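Residues per chain are reported as follows:
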Amino acid sequence: MTDQTPIQPARGCRDTPVLKERGQREVFCGLTGIIWLHRKMQDAFFLVVGSRTCAHLLQSAAGVMIFAEPRFGTAILEEKDLAGLADAHEELDREVARLLSRRPDIRQLFLVGSCPSEVIKLDLARAAERMTVQYAPKVRVLNYSGSGIETTFTQGEDACLASMVPVLPETDARELLLVGALPDVVEDQALQLLGDMGIGPIRVLPAHRADDELAVGENTVFALTQPFLGDTHAALERRGARHIPAPFPFGDEGTTAWLAAVAAEFGVDQETFERVTAAPRARARKAIAAAAADLNGKSIFFFPDSQLEIPLARFLTRECGMEAIEVGAPYIHKDLVGPDLDLLAEGPVISEGQDVDLQLDRCRAARPDLTVCGLGLANPLEAEGLSTKWAIELVFTPVHFYEQAGDLAGLFSRPVRRKGVLSL
Ligand code: SF4
């Protein structure tokens, strides 16, 4: 097929020296991922082994589980557990037995570690192994950590998906695996576009149900839809699967480049590619243009939070005319975001990790038109007259692929426009 590669800037940011910071950080913990994962995986249950703080975080972030039978909960570690006076394993066994007898619909149980369970070194991997034997074949028990000690909030999804990879069945089939939890409507659009090009069979990780046909092997090729899946990427490569590197599917250009990389892998011809993508692409361009009018020429500063920062900076600078001052990301996996870094023109500071006070100083000195940051930093910055966008909204809002491209640009243009209106 004809090359669909976007035009690269004279110098991209792949080799830009990275400002590495290892100071205090202001981010949510990985438990947050449960909020969107539990909606995707319809026979899974997420049992957080944590404190009342963890339970409160989940309850207030989810907020809406009053009428539904929830698919997550917290096994609270009491003071006697934390002081080592009770056998937390025995209590956990009891909790799980109670839960599974009450909820026969559960087919996958995730024991989710937290700061308190890590502090007392509760071995949830051993507990999961023990329970897998006990409850097989009906329930599969896995574990991962959502602890906030060394993680950021999107890593919860990465850790969850990575925990599933080693237990996937082996296959020799040549299949495409889409990796990343997307809202159903967005996932359907992606599957439709790829299916219309004749690409298949396609599997999705995470699958809706434990018995969906999901397997992995040396003939599996996989495309990531989220840039924060570094551990899952490594786990899939350990199983022999091969990654299709591409810019992430944000905006017209990112979506086209992502689809083109998958299409090239499956030998789709140019005419088919054009036929399938032309109409949604035109809609995306039109929708982006409407929002970009407010963003053109405006500056943006990213604090590290969602790990979406680099692909979003690429989208906002190239398709919306913004100028990136600093692009901070909690971690930079060049195997994943390298293609986006290639397209991001040299200029912004690229920083990894955080030293929040130093970064706040840089932000205040730059006075960007828009700052993308966590909830904890947004209010103080707004009080200082800076417009902000909460990074967490970017994972709770459908923003991938063509049909959401206008909404993605709109997420950034709204606060800029509001500021303009207020200062009239
Ligand atoms: S896992 Fe840690 S950071 Fe997250 S809610 Fe629990 S105690 Fe707080």
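**Details of the sheet that holds strand β12 (residues 349-354)**
Okay, so step 1: Spatially, six strands are ordered β1-β12-β11-β10-β13-β14 in an open sheet, and the strand pairing comes out parallel. Both edges of this open sheet fall to β1 (19-22) and β14 (388-390), since each of them pairs with a single strand only. Ignoring strand direction, the axes of neighbouring strands in this sheet form an average angle of 20°.
Okay, so step 2: Bridge analysis of strand β13 (residues 370-373) against β14 gives three bridges, and the strand direction is parallel. Within the sheet, the bridge partner assigned to T371 lies in β14 and is T388.
Okay, so step 3: Of the strands in this sheet, β13 and β14 are in contact with helix α15 (residues 375-383), which crosses β14 at around 160°.

**Here we look at the domain arrangement of the protein chain**
Okay, so step 1: Domain assignment breaks the protein chain into domain 1 (19-25 + 268-422), domain 2 (30-151) and domain 3 (175-244).
Okay, so step 2: Centre-to-centre separation of domain 1 and domain 3, based on C-alpha positions: 25 Å.
Okay, so step 3: At the interface, 18 residues of domain 1 touch 17 residues of domain 3.
Okay, so step 4: Mapped by element, the contributors of at least two residues to the side of domain 1 that touches domain 3 are α11 (270-295), α12 (309-319) and α13 (334-343).
Okay, so step 5: Tallied by class, the residues present in the side of domain 1 that touches domain 3 amount to 11 nonpolar, five polar and two charged.

**Thoughts on the nonpolar core**
Okay, so step 1: One finds F46, L47, V49, F110, L111 and V112 to be the most contacted residues of the largest nonpolar core, which totals 124 residues.
Okay, so step 2: Per-element accounting of this core gives the leading share, eight residues, to α11.
Okay, so step 3: Leaving out residues up to four positions away in the same chain, L47 has contacts with G73, A75, V96, L99, L109, F110, L111 and V112.

**Observations regarding the sheet that holds strand β5 (residues 140-145)**
Okay, so step 1: Taking strand neighbours across the sheet as the criterion, the four strands line up as β3-β2-β4-β5 in an open arrangement whose pairing is parallel. The open sheet terminates on both sides in strands that have one partner only, identified here as β3 (72-76) and β5. Strand-to-strand twist of the sheet, defined as the mean angle between neighbouring strand axes without regard to direction, takes the value 25°.
Okay, so step 2: Bridge count between strand β2 (residues 44-50) and β3: five bridges; the pairing is parallel. Among the inter-strand pairings, V49 is bridged to a residue of β3, identified as A75.
Okay, so step 3: With respect to the sheet, helix α4 (residues 88-102) is in contact with β2, β3 and β4 (108-113), its orientation differing from that of β2 by roughly 155°.

Rules used throughout
- Residues numbered from 1 in each chain as written.
- Predicted model: local features only at pLDDT ≥ 70, side-chain atom pairs only at ≥ 80, totals over all residues.
- Pairing = 2+ DSSP bridges.
- Helix = DSSP H or I, 4+ residues; strand = E, 2+ residues; numbered from the N terminus.
- Axes fitted to C-alpha atoms, helices over the stretch in contact; angles between N-to-C directions.
- Contact = placed C-beta atoms within 7 Å.
- Domains from an automatic or database assignment.
- Nonpolar A, V, L, I, M, F, W, Y, C, P; charged D, E, K, R; others polar.
- Core = buried A, V, L, I, M, F, W, Y, C linked by C-beta atoms within 7 Å.
- Buried ≥ 20, exposed ≤ 12 C-beta atoms within 10 Å, placed from the backbone.

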